[in-house]
Amino acid sequence: MAKKIIKKSWAEPFKIKVVEPIKLTTREHREKAAKEAGYNTFLLKSEDVYIDLLTDSGTNAMSDYQWAGMMLGDEAYAGSKNFYSLWNNVKKYYGMPYFVPTHQGRAAEHMISKILIKPGQYVAGNMYFTTTRLHQELAGATFVDVIIDEAHEATNEHPFKGNIDLKKLDKLVQEVGAKKIAYISMAGPVNMAGGQPFSMKNLQEVYDYCKTHKIKLWFDATRATENAYFIKEKEKGYKDKTIAEILKEMCSYFEGLWVSAKKDLMVNIGGFLTTRNKKVFEEARNMVVVYEGLHTYGGLAGRDMEAMARGIEEMVEYDNVRMRIKQVEYCGNELAKFGIPFVKPIGGHAIFLDAKRFLNHIPQNQFPAQTLATEIYVDSGVRGMERGVVSAGRDPKTGDHRYPKLELVRLTFPRRVYTQAHIDVAVESIASVYDERKKIKGLNMIYEPKYLRFFQGRFEKK
Ligand code: PM9
């Protein structure tokens, strides 16, 4: 009898119209390139990279609809029509009335931090993000991590590891007083935890708590559609809602939000903040002309704003988000076949290899994740990124390294860029590095910049 066919495979919801050649270099070439780059994958030349899984930030492939929009760029200094099409879509999909464009996410973080934080205050959040926390600290705040404990455990399969622990939050509020909390900074999904989402139920609880204690609640909505996808898939009551509906509901609990448009919006540059607080908006509109440009372009060209406006329409399409999450899942499932340790559950934008278990003979002060990212690059030209002790930086008060529980290498998937065959090549390379792992030695840091050291730090082999 013929085998019953089960139709469960997915495919990209597009066909390819333009291609960009990439080339594989020799191992000898990559060894030299890695050394010259101080064993930091951020310092490699992109032409020396074969499959670039460094980040999904600004590395996305735009659609023909977005490219067509680029030709409609209105490059007027003031009042560009593209500003208005972007603002309309921000209002329509994020649901807030006020809007300030910025050239990328951290510019919005800078403004929000300066506006909301008084020196000496605290910001509580669901795990730190590098640029977000730095801006909060530069504005005079102390960041306090109030994410659930499970988020710090690579093997814990909690479905919503991005949730805030209300007990931790309440402990902080009892200790310092609600007035000392500048705002709650809630990201979804949580990048440094492995792209892990928060649940709507948790968000509602945090919202109720903030309302009772009169604490502001702000959202890093950089990859919010992925969070919405996970809510749809995993949370009771959301199966039949659209990504757009879930996104709108999530946003409804926040006073405001910021976005690095280089992710969800599938563009190469851009960011913004949007809020329902008129006073915060007016301050941001004042600041944007100092740091970014006029409030109707915020450091962006008109064509960039048009691509963003159109990206918003595409980012909420279920098939687009699904293919993205499924691609990451495919990579994880293939890695699992070789017994390679990575953060579970598989998250939204990336696979996070667990360098602590992968290179369990290398102590954290010899930078196992930095080492692993380099070894994978040398093996195959696949570029990932360190997300461990180097990314965590130093405690501003003690000056000591911050040793996070998670010591990870992130393999991040640009949207609509790579195929399943690219993933197979990356997986085989990681598997062969895993086979040879005992021979790998750690690194010494020989140059350390003051801020965000993972970008420009340099290392040498032990
Ligand atoms: N994220 C990423 O690769 C790019 C820079 S850090 C390596 O993941 C969140 C959740 C982000 C983010 C950037 C920013 C800053 C804010 N929030 O890079 O300034 O993931 O546009 O955004 C990066 P910009």
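Use the structure listed above.
Residues numbered from 1 in each chain as written. Predicted model: local features only at pLDDT ≥ 70, side-chain atom pairs only at ≥ 80, totals over all residues. Heavy atoms only, no water.

It is not clear to me how the overall build of the chain should be interpreted in this structure. Could you clarify?
Of regular secondary structure, the chain possesses 17 helices and 14 strands. Residues classed as buried in the chain amount to 58% of the 462 residues present. Intrachain contacts of the chain at a sequence separation of at least 6 include 72% that bridge at least 24 residues. Accessible surface, the chain: about 20200 Å² in total, of which carbon and sulfur atoms supply 52%. Here the chain contributes 69 positively and 57 negatively charged side chains, and the mean placements of these two sets differ by 2 Å. (Helix = DSSP H or I, 4+ residues; strand = E, 2+ residues; numbered from the N terminus. Buried < 20%, exposed > 50% of the residue type's maximum accessible area, 1.4 Å probe, protein only. Contact = heavy atoms within 4.5 Å. Areas by Shrake-Rupley, 256 points an atom, 1.4 Å probe, with all protein chains shown as cover. Lys, Arg positive; Asp, Glu negative; His and termini not counted. Charge placed at Lys NZ, Arg CZ, Asp CG, Glu CD.)

When you look at the site of the ligand in this model, what are you seeing that I'm missing?
Around the ligand, a shell composed of 21 residues is seen, among which Thr-55, Arg-106, Asp-220, Ser-260 and Arg-410 lie nearest. One nitrogen or oxygen atom from the side chain of Arg-106 is found 2.7 Å from an oxygen atom belonging to the ligand. The side chain of Asn-191 places a nitrogen or oxygen atom 3.0 Å from an oxygen atom of the ligand. Of all the elements, helix α4 (residues 105-116) adds the most residues to the shell around the ligand, at three residues. For the shell around the ligand, the per-class residue count stands at five nonpolar, eight polar and eight charged. (Near = heavy atom within 4 Å. Polar contact = N/O pair within 3.5 Å; in protein donor to acceptor, adjacent residues only side chain to side chain. Nonpolar A, V, L, I, M, F, W, Y, C, P; charged D, E, K, R; others polar.)

Please clarify how the packing of helix α3 (residues 81-94) against helix α11 (residues 302-315) should be interpreted in this entry.
In a pair of packed helices, the angle between the axes and the distance between the axes together describe the arrangement. Remark: α3 packs on α11, axes separated minimally by 8 Å, with the N-to-C direction vectors making an angle of 25°. Considering the angle they form, α3 stands roughly parallel to α11. Of the two possible hands of crossing, α3 and α11 adopt the one that is left-handed. Seen from α3, the contacting residues are Asn-82, Phe-83, Ser-85, Leu-86, Asn-89, Val-90, Tyr-93 and Tyr-94; seen from α11, they are Gly-302, Arg-303, Met-305, Glu-306, Met-308, Ala-309, Ile-312, Glu-313 and Met-315. Its residues assigned to classes, the contact of α3 with α11 comprises ten nonpolar, four polar and three charged. (Axes fitted to C-alpha atoms, helices over the stretch in contact; angles between N-to-C directions. Parallel < 35°, antiparallel > 145°, perpendicular 65-115°, else oblique. Left-handed = near helix turned anticlockwise from the far one by under 90°.)

Is there a simple way to explain the packing of aromatic side chains in this structure?
Any aromatic ring pair is given by two values, namely how distant the centres are and how the planes are angled relative to each other. Counted according to the given criterion, the structure contains 18 aromatic pairs. A centroid spacing of 5.2 Å and a plane angle of 75° characterise the contact between Tyr-77 and Tyr-297, whose relative ring orientation is edge-to-face. One end of the pair, Tyr-77, is in the loop between α2 (64-70) and α3; the other, Tyr-297, is in the loop between α10 (278-291) and α11, with 220 residues separating them in the sequence. We classify Tyr-297 as buried; its relative accessible area is 19%. Three or more aromatic residues link up through ring pairs in this structure, and these residues are Phe-83, Tyr-84, Trp-87, Tyr-94, Phe-99 and Phe-272. One cation-aromatic arrangement involves Arg-133 over Tyr-128; the distance from NZ or CZ to the ring centre is 3.8 Å. The aromatic ring of Tyr-65 is capped on one face by Arg-310, whose charged end is 4.4 Å from the ring centroid. (Phe/Tyr/Trp six-rings, centres within 6.5 Å; stacked < 30°, edge-to-face > 60°. Lys NZ or Arg CZ within 6 Å of the ring centre and 35° of its normal.)

I would appreciate a short explanation of the layout of surface pockets in the present structure.
A probe matching the size of a water molecule, rolled over the atoms, marks out where space remains unfilled. Reported here for the largest pocket is a volume of approximately 1300 Å³. Lining the largest pocket are 34 residues, with Val-18, Glu-20, Ala-61, Arg-416 and Val-417 positioned closest to its centre. Residue composition of the lining of the largest pocket, grouped by class: 15 nonpolar, eight polar and eleven charged. (1 Å grid on protein atoms, 1.4 Å probe; cavity = no way out; pocket = protein on both sides within 12 Å on 5 of 7 lines; lining within 4 Å. Points joined across faces, edges and corners; volume = space filled by probe spheres on them.)

Could you clarify how one ought to interpret unusual backbone geometry in this entry?
Outside of glycine, negative phi angles account for most residues, and trans bonds account for most peptide bonds. Of note, the bond from Gly-188 into Pro-189 is cis; its omega dihedral lies within 30 degrees of zero at -5°. Within the secondary structure, Pro-189 sits in the loop between β5 (181-187) and α7 (200-213). The omega torsion across Lys-344 and Pro-345 is -10°, close enough to zero to call that bond cis. Within the secondary structure layout, Pro-345 lies in the loop between α12 (318-337) and β9 (350-354). Positive phi, normally seen in glycine, also occurs at Arg-416, with a value near 65°. Relative to the helices and strands, Arg-416 resides in the loop between β12 (408-412) and α16 (420-435). Judged by relative accessible area, Arg-416 falls into the buried class, the value being 14%.

Please explain the pattern of salt bridges as it appears in this structure.
Proximity of charged atoms lets side chains of opposite charge pair with each other. Applying the stated criterion across every chain yields a total of 27 salt bridges. Here Lys-17 and Asp-64 are joined by a salt bridge, their closest N and O atoms 3.1 Å apart. Taken together, the positions of Lys-17 in the segment before α1 (27-36) and Asp-64 in helix α2 put the pair 47 residues apart, joining distant regions of the chain. We classify Lys-17 as exposed; its relative accessible area is 66%. With a closest N to O distance of 3.0 Å, Arg-310 and Glu-306 form a salt bridge. (Salt bridge = Lys/Arg side-chain N within 4 Å of Asp/Glu carboxyl O.)

Any chance you could explain helix α5 (residues 130-138) here in plain terms?
Residue pairs three or four apart in sequence face the same way in an α-helix, which turns once every 3.6 residues. The buried fraction of α5 is high, at seven of nine residues. Taken together, the buried positions of α5 are Thr-130, Thr-131, Thr-132, Arg-133, Leu-134, His-135 and Gln-136.

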